[in-house]
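# Breakdown of the fold
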Amino acid sequence: MNKDKKGDKLAAQVATYLIGVAAALAAAGVMLGLLGKNVAEGYSLLLTASFGSATNLSLFTIKFVPLLLMSLAFAIPLTLKKYNVGNEGQFLLGAVGAVTVAFMLSSLPALAAIPLLLIASAAFGAFWALFPALMLYKFRVNEIVSTILMNFISFYLVLYVATGPWRDPFAGHPETQAIPSAFDLPVLLTNPAINLGLVIAVLAPLASYYYIFRSVQGFELRASGANERAALVFGVNSNLLAPMSLVIGGAIAGLAGGMEVAGLQLRLVDGMQSNYAALSIIIALIAYGNPLGVIVSAIFITVIELGGSAMNAVMGVPVELVYVIEALLLLFILMANVFERRRR
Amino acid sequence: MPAEELVRMTGIAKRFGDVLALDHVDFGITGGKVHALLGENGAGKTTLMNVLYGLYRADEGRVEIKGKEMAIRTPRDALRHRIAMVHQHFRLVSNFTSFENILLGTGRGLKFEARAQREKVESIAREYGLSVDLDAKVKALPVGAQQRVEILKVLARDPLVLILDEPTSSLTPQEADVLLGAIKKLAMNGLGVVFITHKVREVMSIADEITVLNGGRVAGRLQVSESGEKRLVELMMGGRGAPPLLQAGPTPARTSAAQGEPALVLTSVSVGSGKGASAVEEVDLAVRHGEILGVAGVSGNGQRELAEAIMCVRRAGSGSIKLDGIELTRLNTKQVISMGVGYIPEDRMGDGILPSMTIAENIVLGREHSPSFSDRFALNRKAMGAAALRGVEDYNIKTTSVEAHAGVLSGGNVQKILIARAFLTQCKFLVAHNPTRGLDIAATDHVLRSLVKQKEGGAGVLLISEDLDELMAVSDRICVLFKGQVMGVVEAGSYDKYEIGAMMAGKKKEASAS
Amino acid sequence: MTDLVTDFFRVAVAVSVPYILGGQAMTISGRSGIFLVFNEGVMLASASATFLATFLSGGNIIIGLLAGAAMGGFFGLVMGYFSITLKQNQFVVGLALLVAAVGIANFMYSVFIGVVIKPPQIPTLLPVHIPLLSDIPYLGPVLFSQNLMFYFAVILSILVWAFLYRTRYGLNFRSVGENPRVADSLGINVSLTRYAGAVAGGIVMGIAGGYLPLYFTGTYTPSLVNGRGWIVIALTLFGRWNPIPVMLGALLFAAAEVFGIYGQILNLPVPSQFLLMIPFIVTLAILVQTYRKTELPEGLAKNYDRESAED
C-alpha cells in the first residue's frame with residue numbers, strides 16, 4: 001500500500017510537469033499564430049531540431065553540456081535555499097582561467113595540459129564565488145545581490161583580458177587568439193562531434209545526486225535548506241555550509257566555462273556566456289534542484305532552444321520567443337503544482 | 001441588569017483534512033458573565049473561538065449575534081460585531097510602538113488623528129490597572145507589558161465580547177491575579193468574556209459558567225457553583241485512565257538525588273542577547289546525575305539563552321560550563337551532542353523540525369555523523385530507518401511510514417519527534433525547554449515520564465518550563481530566573497507557588513536558615 | 001575645474017532618477033511584504049515598452065512612460081498572483097519573471113522594429129530650468145536644471161514617505177509587511193494590501209525603466225539596464241526600506257556610476273574596464289558596510305497563509 005502511494009505521488013508529479021509543458025507549448029502556438037506563422041510547422045521544428053541528423057545531435061551537445069553544468073552550479077546551493085545567480089560570472093572566470101593557463105604554460109604536453117586547464121577553470125570559478133561566500137559568512141550579505149554584482153564585474157574583466165596582450169587583432173570582436181592545440185578537449189567521436197565534455201557533463205549530475213542525497217554532508221545541506229535554524233541548533237554548521245555550497249557551485253560553473261573554451265570556442269570571447277545563466281536557473285528551478293531531474297529538464301530546454309533557432313532560421317520567428325516560453329514553462333509548472341496539491 | 005445573550009453558536013463543525021476538530025459544538029455568550037472554555041490542548045477550544053473571530057471558517061453550523069444569524073468570514077466582520085480576541089501568542093508588530101499597535105486597523109483618516117484615541121487608551125489603562133509605556137517599541141517590552149498592550153488594543157475597540165486565549169500562561173502567579181481581577185471588572189461592566197484555559201484552578205476562581213470540551217465535543221456544561229476540580233478534570237479527560245503525574249502533586253523531598261555526582265556545572269556564566277545587554281548574568285548552577293533541576297521564570301528572562309549556551313548554539317560571553325569536568329564553551333554544538341547531551345528546544349517549529357525531510361531524517365538529525373548512522377562519507381540509511389522506527393513506536397508517532405515528510409504532522413506529533421530525537425540514546429545530560437507545550441494530557445504525561453526515566457537512568461536533566469505545576473511535579477529542585485539572574489533555588493518538598501511567583505517577578509529568595 | 005565638478009554632480013543627479021524610482025518601488029512593495037527581485041528584467045521590458053510606445057506615437061513621451069508603467073504594473077500583478085494567491089517562493093517567481101521580462105523586452109523590439117541598420121530614435125528628456133532657483137551658483141545647475149522626471153522622483157519619494165509614516169493607511173500598510181498575521185487578526189486585508197504593494201511597486205519600477213531610453217540613449221538596446229535593477233536592491237537595503245534614506249542613497253550610487261564615466265574622460269591611468277566596474281565594486285563595499293545594520297520589514301518575502309500553523 002505504501003508503494004502504491006509513492007507511485008501515485010510520482011504519477012501526480014509527472015502529470016503536473018506534462019500539464020506545465022502542454023500549457024507552455026500552447027502559449028507558444030498562440031504566439032506563433034498571432035505572428036501569422038504556420039503553427040504546425042513551428043511545432044515540428046521546435047521538437048525535431050535537436051535530433052534527426054548527426055549535425056543536429058552535435059548542436060544539441062554543444063548547448064546541452066554547458067547548460068547542464070551551469071544548472072548544477074545553481075542547483076547545489078539551492079539545496080540549502082541559496083540562489084547562486086552568479087554562475088554566469090563564475091563561468092566567465094573559468095574561461096579566463098582556461099586561457100590564462102593555456103597562454104602562460106603554452107608548451108605543456110596534452111596529457112598535463114588538459115587536466116591543468118580543467119583544474120584551473122574550476123579554481124577560478126570557485127575563486128569568483130569566494131567573495132560572495134565570504135560576504136555571506138562574515139556579514140550575512142544576501143547572496144543573490146552579491147553574486148549578481150560579481151557577474152557585472154566579470155563582464156568587464158573578460159573585456160579587459162580579451163582586449164589585452166592575448167587579443168586577436170584580426171577579429172572584429174573582443175576575443176583572444178586560439179589557445180595552443182594541446183589544451184583542446186580530446187574528441188571522442190567526430191560525427192556527431194562529441195568530446196570529453198559530454199562525459200564530464202553526464203557524470204557530474206550523478207555525482208551531485210550522490211553527494212546531496214547519500215552523503216553525510218549532503219544530509220546537512222538538505223537539513224539547512226529545510227530549516228536553517230533547526231539544523232544549526234542541532235549541530236549543523238549552516239553558517240559555513242552555505243558559503244561552501246556557493247564555492248562548489250562556482251567550481252562547477254568555472255569548469256563549464258573552461259570546457260566551453262577548450263571544447264568549443266578555443267578562445268576567450270566577449271559574450272561567450274550567451275544566455276546560459278538565465279536558462280540554467282530555469283532548468284534547476286523546474287527540477288526543484290534535484291540533479292537527476294536537472295538532466296531531464298536540461299534536455300528539454302536544450303531541445304526548445306535549438307527549436308527556437310531553427311524557427312528563426314526557417315520561419316523568421318524572433319529567437320526571443322522561446323526565451324519567453326521557457327520562463328512561462330517554469331511558471332506554469334509552479335501553477336500546476338499548486339493546483340495539484342489543492343485538488344488533494 | 002438583565003443578562004443578554006450576545007452570541008449563540010449552534011452545531012459548529014470544522015474539519016482539518018481528515019480530522020474533525022469540532023464536532024457540532026453549541027456555545028453561548030452572555031453579557032456580564034465570564035464563560036470558561038476548558039479543555040486539554042487539542043480539544044478544540046481555540047478552534048471554536050477562531051471560528052467566532054472569523055479566522056477559521058466553519059464547515060457547518062450557524063452563528064447568531066443578538067438573535068440574528070450572521071456570517072463572520074474575517075476578523076473584520078467579527079470586529080464590526082464588536083467581538084475581540086486576545087490570542088495566546090501575542091498579535092503585536094514588534095517594530096511598532098505600543099500606541100501604533102493599539103491604533104492599528106482602527107481608523108481610516110489621512111492623518112494621525114490620534115489625540116482622542118490616546119486619551120481613551122490612557123483612561124482604559126487607568127481604569128483596569130493596565131499601565132504600559134505607549135511610546136516604547138513593543139520588542140523592547142517585557143512579556144507582561146506586551147500582554148497589557150494586547151488587552152488595551154482590543155479594549156480600545158469597545159468590544160461587547162472579549163475572548164482571551166490562555167491569557168495567564170506566561171505570567172507570574174501575582175501578575176495572573178491582577179489580570180483575573182481586571183477580567184472580573186470587565187464582566188461587571190457588562191462584557192461577555194470567554195476565558196480559554198486548560199487550568200482547572202483558574203476556572204474555579206474566575207468563571208461563572210463552564211463549558212468543557214473534549215476531542216472537539218462538548219463534554220459538559222456547568223455552573224461554577226455545581227462543579228468541583230475533580231469533576232472538571234474527569235470531563236476534560238473524558239473519564240480516561242489514572243491521574244497523571246501532573247495531578248499527583250509536587251515531588252516529595254528526596255535525598256537520593258542530592259547524592260549524585262555533579263553532571264553540569266555552570267560557574268558565573270554570562271550570555272549576550274545579541275542586542276548589547278546580556279541575557280544571562282553571572283549564573284552559577286550545578287545539576288547532578290540522577291536529578292531534574294527545574295528552571296522557572298517568565299518567558300524571555302534568559303531561559304533560551306541559557307539553554308543555547310549549554311548547547312553551544314550561542315557562545316557564553318564569560319564563565320565556565322562543564323559537563324563531567326569537560327569544558328563545553330570551547331566545543332561546538334556537534335561535539336556537545338556527541339558527548340551525549342540531548343536537547344529539546346523551545347520553539348519546535350522554528351528550532352526543531354525539518355518540515356520537508358522525512359521522519360527518519362528528522363529523528364537522526366544531530367547524530368548523522370555518529371558511526372551508527374554513517375561511515376566517514378556516506379549515510380547508512382538502513383540504520384537510520386531502523387532507529388527511526390524504534391522512535392516512532394516508542395513515542396507513538398502517528399504516521400504511515402518513517403519515510404513520510406515531517407511537515408504533514410500535527411504539533412503534538414512534531415513534539416514527539418523532537419523527543420525521539422533527544423532520546424535516541426540514553427543521555428548523559430538533557431536540556432528540555434518547554435517540552436510539553438501544546439501536548440494533551442496523555443502526551444504530556446508520557447513526556448514527563450520519559451524525563452523521569454532519563455533521570456533514573458543516570459542523566460542530569462535541566463527542565464526549563466513556564467508551567468509551574470509541571471515543574472513542581474517532577475523537579476528535584478527548582479531555580480528561578482529573572483532578567484538572566486538566579487533569584488534562588490527551592491528544594492522539593494518545600495515548593496510554594498507564591499514564593500516562586502515572587503521570585504519570578506524579581507524578588508530574591510530570602511537567605512533562610514538553610 | 002569647478003565647472004567639471006558642477007557638471008559631475010549635475011549628471012549624477014540626472015543619472016540618479018532610475019535609482020530613486022527603483023528604490024521607491026522596492027520600498028513600497030517591500031513595506032507590504034513583497035520583495036521585488038525581477039527589476040533587472042522588468043526595467044528592460046518597461047524600457048522597451050516606453051521606447052516603442054513613444055516611437056509609435058510619433059514621439060509622445062507621456063504615452064511612452066504610461067506604457068512603461070503599465071508593463072511594470074502587469075509584472076507586479078503577476079508577481080502578486082504567484083506569491084500572494086499561489087503562495088510560491090518570491091525569489092523563484094521573481095527570477096522566472098525576470099527571465100520572462102527580458103524575453104518580452106527583446107521580443108517586442110524584434111516584432112515592431114526588427115533588425116535595422118540604423119536604430120530609430122525617440123526624443124529624449126530636456127532639462128527644465130526652474131526660474132530663480134536655477135540661478136543659484138553650483139546648486140542651481142545641479143538641482144534645479146534637471147528634467148521633469150527628477151522632480152517627479154523627488155516628489156514621489158516624499159509622498160511615499162508621508163503615506164507610510166504619516167497616515168493611518170500607511171500604518172496599516174506597513175503592518176502587513178511586518179507581521180501579516182497581526183494585520184489579518186485586526187481586520188486589515190492582507191492580500192489586497194500586498195497586491196496593491198506589488199502592483200504599485202511594479203508601476204514605479206516600470207517608470208524607472210522607461211526613463212532609461214528617454215534619458216540615456218533615445219533608443220532601445222538589450223544592455224540598457226546594465227545592472228541597475230540589482231543595484232536598486234542593494235540601494236534599498238542600504239536605505240533600510242525607508243523612502244528618504246533610499247532617495248539620498250540613490251544619489252550616492254549614481255555618483256559611483258558617473259565616476260566611472262568621468263574617469264575615462266579624465267584619462268585616469270586605469271584601464272577603462274576597471275573604471276566601469278566601479279559602481280559594482282562600490283555597491284559590494286556598501287553592502288558589506290551596511291548589511292548587518294539593515295532592518296528589514298519582518299514579514300518581507302514571507303508569504304502568509306491564514307490557516308497555517310502558528311508556532
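As the structure is a computational prediction, the values presented were derived from the model and not from experiment. (Residues numbered from 1 in each chain as written. Chains lettered and ligands numbered in written order. Predicted model: local features only at pLDDT ≥ 70, side-chain atom pairs only at ≥ 80, totals over all residues. Heavy atoms only, no water.)

### Considerations on the state of the cysteines
Residue and element names in this part refer to chain B. For the record, the criterion: In this description, a disulfide is simply a cysteine sulfur pair whose atoms lie within 2.5 Å. Only protein chains enter the accessibility calculation, which uses a 1.4 Å probe; a residue is then buried when its area is under 20% of its type maximum, exposed when over 50%, and partly exposed in between.
The tally for this structure, following the rule as stated, stands at 0 disulfides over all chains. Left unpaired, Cys 427 is separated from the closest cysteine sulfur, that of Cys 312, by 16 Å. Of all cysteine sulfurs, the one in Cys 312 lies closest to Cys 479, which takes part in no disulfide; the gap is 19 Å. On the basis of relative accessibility, which here comes to 1%, the residue Cys 479 falls in the buried class.

### Observations concerning the interface of chain C and chain A
Just so we agree on the cut-off: In what follows, a contact means two residues having at least one pair of non-hydrogen atoms within 4.5 Å. Using a 1.4 Å probe, buried area is obtained as the accessible area two parts lose upon being combined, added over both of them. Any carboxyl oxygen of Asp or Glu that lies within 4 Å of a side-chain nitrogen of Lys or Arg is treated as forming a salt bridge with it. Within 3.5 Å is the distance limit for a polar contact, defined as a pair of N or O atoms, with the added protein rule that one can donate a hydrogen and the other accept it, and that residues adjacent in sequence qualify only through two side-chain atoms. Starting at the N terminus, helices and strands are each numbered in turn, a helix being any DSSP run of H or I of at least four residues and a strand any DSSP run of E of at least two. Only Asp, Glu, Lys and Arg are considered charged, only Ala, Val, Leu, Ile, Met, Phe, Trp, Tyr, Cys and Pro nonpolar, and every remaining residue, Gly among them, polar.
The interface is formed by 42 residues belonging to chain C together with 42 residues belonging to chain A. Between chain C and chain A, the buried area comes to about 3,800 Å², and carbon and sulfur atoms account for 83% of it. On the surface where chain C and chain A come into contact, there are 0 salt bridges. Seen at the junction of chain C and chain A, the total is 4 residue pairs in polar contact (both at pLDDT 80 or more). For the side of chain C that touches chain A, the element with the highest residue contribution is helix α4 (residues 90–112) of chain C, accounting for 15 residues. Here the side of chain C that touches chain A is built from residues that sort into 30 nonpolar, 10 polar and 2 charged.

### What to know about the pattern of salt bridges
Residue and element names in this part refer to chain B. Across all of its chains, the model carries 33 salt bridges over all chains by this definition. Between Lys 120 and Asp 158 there is a salt bridge whose closest N-O contact spans 3.1 Å. Separated by 38 residues along the polypeptide, Lys 120 in helix α4 (residues 115–128) and Asp 158 in the loop between α5 (143–155) and β7 (161–165) bring together distant segments of the chain. The exposure class assigned to Asp 158 is partly exposed, which follows from its relative accessible area of 40%. We note a salt bridge from Arg 288 to Glu 291, for which the minimum N-O separation is 3.6 Å. By relative accessible area, Arg 288 is classed as partly exposed at 25%.

### Examining the layout of surface pockets
Counted only if it meets this: The pocket and cavity definitions rest on a 1 Å grid over protein atoms only: a 1.4 Å probe that fits but cannot leave marks a cavity, an open set with protein on both sides within 12 Å along at least five of seven lines marks a pocket, and residues lining either have an atom within 4 Å of a point. Grid points are joined across faces, edges and corners, and a volume is the space filled by probe spheres set on the points.
Considered as a void within the structure, the second largest pocket measures approximately 840 Å³ in volume. In this structure, the second largest pocket is lined by 28 residues; those nearest its centre are Glu88(A), Phe155(A), Tyr323(A), Glu40(C) and Val102(C). Taken together, the elements giving at least two residues each to the lining of the second largest pocket come down to α6 (143–162) and α11 (276–286) of chain A together with α2 (39–56) and α4 of chain C. Considering every element that reaches the lining of the second largest pocket, the biggest residue donor is α4(C), with 5 residues. When the residues that make up the lining of the second largest pocket are grouped by side-chain class, the tally is 16 nonpolar, 10 polar and 2 charged.

### Points about the interface of chain C and chain B
Counting residues at the interface gives 26 residues for chain C, matched by 38 residues for chain B. Summing the contributions of chain C and of chain B, the shared interface buries around 2,900 Å²; its carbon and sulfur component is 52%. Counting across the interface, chain C meets chain B through 5 residue pairs in polar contact (both at pLDDT 80 or more). In terms of residue count, helix α7 (residues 168–178) of chain C provides more of the side of chain C that touches chain B than any other element does, 7 residues in total. A class-by-class count of the residues in the side of chain C that touches chain B yields 7 nonpolar, 7 polar and 12 charged.

Purely geometric numbers; function is a separate question.
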